[in-house]
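Residue-level listing of the chains:
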Amino acid sequence: MRLSANPFTGLPSNSIRGGDPLWQPHYEEPRAFILPEMASNQEIEIKFRVADLRALTRQLRAAGFRIVTKRTHEMNTLYDLPGEVLRGKQELLRLRQYGSEWKLTHKAKKKTGRHSSREELETVVADGKKMDLILRALGYGPSFRYEKFRAEWTDGKGQVVVDQTPIGNFCEIEGAPRWIDATAKKLGVTGKDYITKNYAGLFSDWKVRTNSKAEDMTFKALEQSKSDSRPD
């Protein structure tokens, strides 16, 4: 079954694939943390592009941030029902593996202004493979996968994560709106640098720019797409 163009993520048509295994190499186990200011179900964040990872690390340390989880592999799978029910409601259901930890997340429709804001419900999952089977048994199927290496930082008031993705390096700042803007300023980031799109939307933009045929934002998919496009 093919999905038509997605108004939520901006992705072109994609498959709900019933048989693909979840790729899960072993990496360092992350340490869990929850900030008091971020304990509610409201996710407020912005992204910005990172040109120099080492320079960003120096800026974070100078701004009083400490690293919580070092660079750790992350694989995300989005699920939807036949007829694209969640997409139609502009909602998201995601199964994430971060190191050896699994989480299931539901995100409500996003509100976009200066920052991205949406309701989020999330729970730790003991067995990601079984959760995948449960979702499939309920009629859900994978619709999009995206991969990255993520490091987590905090100053005790909010969270900054640094992502190395197949389409470039990004940083996310998540917390209270004023804290987001103050932290961005410390890192030399202005409002014009803010990105409120999710990774599916960024991947869609990247595909338009590069004319890539890759369907998922994974290192393997992009490498395969490059190989397919090379002349014989």
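Residues numbered from 1 in each chain as written. Predicted model: local features only at pLDDT ≥ 70, side-chain atom pairs only at ≥ 80, totals over all residues. Heavy atoms only, no water.

1. Quick notes on the overall build of the protein
Right, on to step 1. Within the protein, the secondary structure is distributed over six helices and eleven strands.
Right, on to step 2. Across the protein, every contact between residues at least 6 apart in sequence was considered, and the portion connecting residues at least 24 apart equals 67%.
Right, on to step 3. Working note: accessible area of the protein is about 12,100 Å², and carbon and sulfur atoms make up 52% of it. (Helix = DSSP H or I, 4+ residues; strand = E, 2+ residues; numbered from the N terminus. Contact = heavy atoms within 4.5 Å. Areas by Shrake-Rupley, 256 points an atom, 1.4 Å probe, with all protein chains shown as cover.)

2. Focus on the packing of aromatic side chains
Right, on to step 1. Across all of its chains, the model carries seven aromatic pairs by this definition.
Right, on to step 2. Note on Phe65 and Trp179: the rings are 6.1 Å apart at their centroids and 55° apart in plane angle, and the pair reads as tilted. Note that Phe65 is positioned in the loop between helix 1 (53-62) and strand 4 (66-80) and Trp179 in helix 4 (residues 177-186), a separation of 114 residues in sequence. For the pair formed by Phe65 and Trp179, the shared burial category is buried.
Right, on to step 3. Taken together through their ring pairs, the aromatic side chains of Phe144, Tyr146, Phe170, Tyr199, Phe203 and Trp206 make up a single cluster.
Right, on to step 4. The cationic tip of Lys47 hangs over the ring face of Tyr199; the distance from NZ or CZ to the ring centre is 4.8 Å. (Phe/Tyr/Trp six-rings, centres within 6.5 Å; stacked < 30°, edge-to-face > 60°. Buried < 20%, exposed > 50% of the residue type's maximum accessible area, 1.4 Å probe, protein only. Lys NZ or Arg CZ within 6 Å of the ring centre and 35° of its normal.)

3. Observations concerning the pairing of strand 11 (residues 168-174)
Right, on to step 1. Across the seven residues that make up strand 11, a large majority, five, are buried.
Right, on to step 2. Relative to strand 11, strand 3 (residues 42-49) runs antiparallel, the two being bridged by five bridges. Paired with Lys47 across the two strands is Glu172, which belongs to strand 11.
Right, on to step 3. One ladder, built from seven bridges, connects strand 10 (residues 159-165) with strand 11; its direction is antiparallel. For Asp163, the partnering residue across the bridge sits in strand 11 and is Phe170.
Right, on to step 4. Linking strand 10 to strand 11, which pair antiparallel, is a turn of two residues. (Pairing = 2+ DSSP bridges.)

4. Quick look at helix 1
Right, on to step 1. For helix 1, the N-terminal cap is Asp52; the gap from its side-chain oxygen to the backbone nitrogen of Arg54 is 3.1 Å.
Right, on to step 2. Just beyond helix 1, the residue with positive phi is Gly64, at close to 90°. (Polar contact = N/O pair within 3.5 Å; in protein donor to acceptor, adjacent residues only side chain to side chain.)

5. Observations concerning the pairing of strand 10
Right, on to step 1. Extensive coverage of strand 10 is indicated by the burial of six of its seven residues.
Right, on to step 2. With six bridges joining them, strand 9 (residues 141-154) and strand 10 adopt antiparallel strand pairing. Within the sheet, the bridge partner assigned to Glu152 lies in strand 10 and is Val161.
Right, on to step 3. In this antiparallel pair of consecutive strands, strand 9 and strand 10, the connection spans four residues, and Gly156 shows a positive phi of 90°.

6. So, the pattern of salt bridges
Right, on to step 1. Within this structure, the stated rule accounts for 18 salt bridges.
Right, on to step 2. Ionic pairing is found between Glu74 and Arg96, a salt bridge with its closest N-O pair at 3.2 Å. Of the two residues, Glu74 is situated in strand 4 and Arg96 in strand 5 (residues 92-98); the sequence distance between them amounts to 22 residues. Taken individually, Glu74 and Arg96 each receive the classification buried, so the pair is uniform in this respect.
Right, on to step 3. Glu172 is the salt-bridge partner of Arg150, the closest N and O atoms lying 3.4 Å from each other. (Salt bridge = Lys/Arg side-chain N within 4 Å of Asp/Glu carboxyl O.)

7. Here we look at the nonpolar core
Right, on to step 1. Grouped together as the largest cluster of nonpolar side chains are 20 residues, with contacts concentrated most on Phe48, Leu56, Leu60, Val160 and Ile173.
Right, on to step 2. Of all the secondary-structure elements, those providing two or more residues to this core are strand 3, helix 1, strand 9, strand 10, strand 11 and helix 4.
Right, on to step 3. Membership of the second largest hydrophobic core comes to 15 residues, among which are Leu78, Ile195, Tyr199 and Phe203. (Core = buried A, V, L, I, M, F, W, Y, C linked by side-chain atoms within 4.5 Å.)

Limitation: the analysis is restricted to geometry and does not speak to function.
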